[in-house]
Amino acid sequence: MMDGIIKITSDARFRLARSLMTSGGGGGTTNNNNSSDSLEGAIDIFASLLEETRTTCGETSLTAALCYYEYGNALFRAVVRRKPLDGEDEKREEEDRKPAAKSSASAARKRSLDDDNAKEPDPAVSNKKARMDNNNDDDEDDNDKDDIDLALDMLSTSFSIFDWHSTDDDDNTKTEPDQEGKQYSLSQIPRVLSTIGDIHSYCGKYGDAVDAYCRALPYRENAAEERQQAKGKGESLSVDDLKGQRLLVETYALVAEALLACKEGEDVVCVNDEENEEDDKKSGKNTEGKVLVAAKDRIDFAKSHYDTAREKLQDIGTCFCLAILAACFIVNGNSIPHI
């Protein structure tokens, strides 16, 4: 199964789409249009690759799961990129109000005559333009909502496939054991869950964001612990070790941030909970969701996750400094015990 992953990640189209995602994710107001175009190009490529892999590799293949994720992630990043940055709208309006830098004398005289004979603006025309602007804004909002919903569908499908490949075969539905595919799935699940959390946070659904980030935490912790155990006693710190620790710290910080963003005095509730949805379908009731954290405990939970993130970040800094120190001794020709 990993052959398909290697093949798709080596595909020139896949690499181009990834490159477009990187170039389209930067900040700044000057390249906003170019960045949006890059992301739209990535969306088209990932959509095409998804259809192709579903046909050639199967809808439940690891390759399809990866393309589901990339397509959903690209849709979401494009929505975020299309949102104007703070102050960008005001800057554009100010630039629109500026007169032309150069104008001929005849044009200036004509404007002067026009000003003398100017009439009051037609309210009907102004109102019509305002309605058109509002309609355009509404259409853009509807399109963004549709893209967000589609992105969540793609990511949920990706998670389901990775989750299926990561579990042991108890019902003999899998043709053959694939430990390599299982490990790959376990590495991708927290990535998918974190992006789902990012979408919920962007939409202001902080309870759902807390749930997604918390579900990603055990995978991050297990991955970091397995790397620590697999590392030999005399083996030095690797880049992958640092990356795994960084992702773990980042997830703890995201949980704390989402908790602090929840409304004060209210319980932290996960509305989009699959277990609750199944129970609602069976009972015919419509519950408000699953309570994750009581209102009185919200700040304490946020503080505990923040403290954990800070402690693990300090551990990373210590290990990194020791690794640099070891490298300096090696460069100078000295020998020191392995760290």
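As the structure is a computational prediction, the values presented were derived from the model and not from experiment.

Trainee: What is the right way to look at the overall build of the protein in this model?
Mentor: From N to C terminus, the protein includes 12 helices and 2 strands. Written out in order from the N terminus, the α and β elements of the protein read α-α-α-α-α-α-α-α-α-α-β-α-β-α. Put simply, of all contacts in the protein between residues at least 6 apart along the chain, 72% involve residues at least 24 apart. With an accessible surface of roughly 21,600 Å², the protein has 50% of that area assigned to carbon and sulfur atoms.

Trainee: Quick question: what am I supposed to make of helix H1 (residues 2–10) here?
Mentor: One turn of an α-helix holds 3.6 residues; hence residues three or four places apart share an orientation. Within H1, the full set of buried residues consists of Met2, Gly4, Ile5 and Ile8. Around the axis of H1, the buried residues are gathered within 150° of arc, so they sit on the same side. Residues of H1 that are exposed and point over 90 degrees away from its buried face: Asp3 and Lys7.

Trainee: I keep staring at the pattern of salt bridges and nothing clicks. Help me out?
Mentor: Here the idea is simple: oppositely charged side chains can pair when their charged atoms come close. Summed over all chains, the structure comprises 17 salt bridges. The salt bridge partner of Arg82 is Glu40, with a shortest N-O separation of 2.8 Å. Of the two residues, Arg82 is situated in helix H4 (residues 62–82) and Glu40 in helix H3 (residues 32–56); the sequence distance between them amounts to 42 residues. On the accessibility criterion, Glu40 (31% relative accessible area) is partly exposed. Linked through salt bridges whose partners overlap, the residues forming this network are Glu40, Arg82, Asp144 and Asp147.

Trainee: Which parts of the structure should I look at to understand the environment of Phe76?
Mentor: Inspection of the secondary structure puts Phe76 in helix H4. Given a relative accessible area of 2%, Phe76 falls into the buried group. The sequence separation of Phe76 and Asp147 amounts to 71 residues, and the corresponding C-alpha distance is 6.9 Å. Apart from residues no more than four positions distant in its own chain, Phe76 is found in contact with Ile148, Ala151, Asp198, Ile199 and Tyr202.

Trainee: Before we go on, may I ask you to explain the nonpolar core in this structure?
Mentor: Nonpolar side chains tend to gather and get buried jointly when the protein is soluble and globular. Grouped together as the largest cluster of nonpolar side chains are 43 residues, with contacts concentrated most on Phe46, Leu49, Tyr71, Phe162, Tyr184, Val192 and Ile199. A per-element tally of this core places H4 first, with 13 residues. With near-sequence residues (within four places) excluded, Leu49 lies in contact with Ile8, Arg13, Phe14 and Cys67. Of all hydrophobic cores here, the second largest spans 18 residues; its members include Tyr252, Val293, Ala302 and Ala309.

Trainee: Help me out: how do you make sense of a negative patch on the surface in this one?
Mentor: On the surface, Glu140, Asp141, Asp142 and Asp146 cluster together into a negatively charged patch. Mapped onto the secondary structure, Asp142 falls in helix H7 (residues 123–166).

Trainee: Would you mind going over the environment of Leu66 with me for this structure?
Mentor: Locating Leu66 in the fold gives a position in helix H4. Note on Leu66: relative accessible area 2%, which makes it buried. With 16 residues separating them along the chain, Leu66 and Leu50 place their C-alpha atoms 8.7 Å apart. Sequence-distant contacts of Leu66, that is, excluding residues within four places in its chain, are made with Ile5, Ile8, Thr9, Phe14, Phe162, Tyr184, Gln188 and Arg191.

Trainee: In this structure, what is going on with the packing of helix H8 (residues 179–202) against helix H9 (residues 206–230)? I would like to understand it.
Mentor: For any two helices packed against each other, the geometry comes down to the angle between their axes and how far apart the axes lie. Put simply, H8 and H9 touch, their axes get as near as 8 Å, and they point 155° apart. Between H8 and H9, the interaxial angle falls into the category roughly antiparallel. Read as a crossing pair, H8 and H9 show a hand that is left-handed. Residue-level contacts link Gln183, Leu186, Ile189, Pro190, Arg191, Leu193, Ser194, Ile196, Gly197, Asp198, His200 and Ser201 of H8 to Tyr206, Asp208, Ala209, Ala212, Tyr213, Arg215, Ala216, Tyr219, Arg220 and Glu226 of H9. Residue classes in the contact of H8 with H9 are distributed as 11 nonpolar, 5 polar and 6 charged.

Trainee: I tried to follow the packing of aromatic side chains on my own but got confused; where do I start?
Mentor: Counting across every chain of the model gives 3 aromatic pairs. Plain terms: the ring middles of Phe76 and Tyr202 are 5.7 Å apart, the flat faces sit at 80° to each other, and that makes the pair edge-to-face. In this pair, Phe76 is assigned in helix H4 and Tyr202 in helix H8, connecting sequence segments 126 residues apart. Between Phe162 and Tyr184, the aromatic rings sit 6.1 Å apart at their centres with planes inclined by 65°, giving edge-to-face as the arrangement. Placement of Phe162 in helix H7 and of Tyr184 in helix H8 is noted, with a sequence separation of 22 residues between them. The side chain of Arg215 reaches across the aromatic face of Phe159, ending 5.0 Å from its centre.

Definitions and limits used
- Residues numbered from 1 in each chain as written.
- Predicted model: local features only at pLDDT ≥ 70, side-chain atom pairs only at ≥ 80, totals over all residues.
- Heavy atoms only, no water.
- Helix = DSSP H or I, 4+ residues; strand = E, 2+ residues; numbered from the N terminus.
- Contact = heavy atoms within 4.5 Å.
- Areas by Shrake-Rupley, 256 points an atom, 1.4 Å probe, with all protein chains shown as cover.
- Buried < 20%, exposed > 50% of the residue type's maximum accessible area, 1.4 Å probe, protein only.
- Arc of directions from axis to C-beta.
- Salt bridge = Lys/Arg side-chain N within 4 Å of Asp/Glu carboxyl O.
- Core = buried A, V, L, I, M, F, W, Y, C linked by side-chain atoms within 4.5 Å.
- Patch = residues over 30% accessible without salt bridge, like charges linked within 9 Å, V, L, I, M, F, W, Y side chains within 5 Å.
- Lys, Arg positive; Asp, Glu negative; His and termini not counted.
- Charge placed at Lys NZ, Arg CZ, Asp CG, Glu CD.
- Axes fitted to C-alpha atoms, helices over the stretch in contact; angles between N-to-C directions.
- Parallel < 35°, antiparallel > 145°, perpendicular 65-115°, else oblique.
- Left-handed = near helix turned anticlockwise from the far one by under 90°.
- Nonpolar A, V, L, I, M, F, W, Y, C, P; charged D, E, K, R; others polar.
- Phe/Tyr/Trp six-rings, centres within 6.5 Å; stacked < 30°, edge-to-face > 60°.
- Lys NZ or Arg CZ within 6 Å of the ring centre and 35° of its normal.

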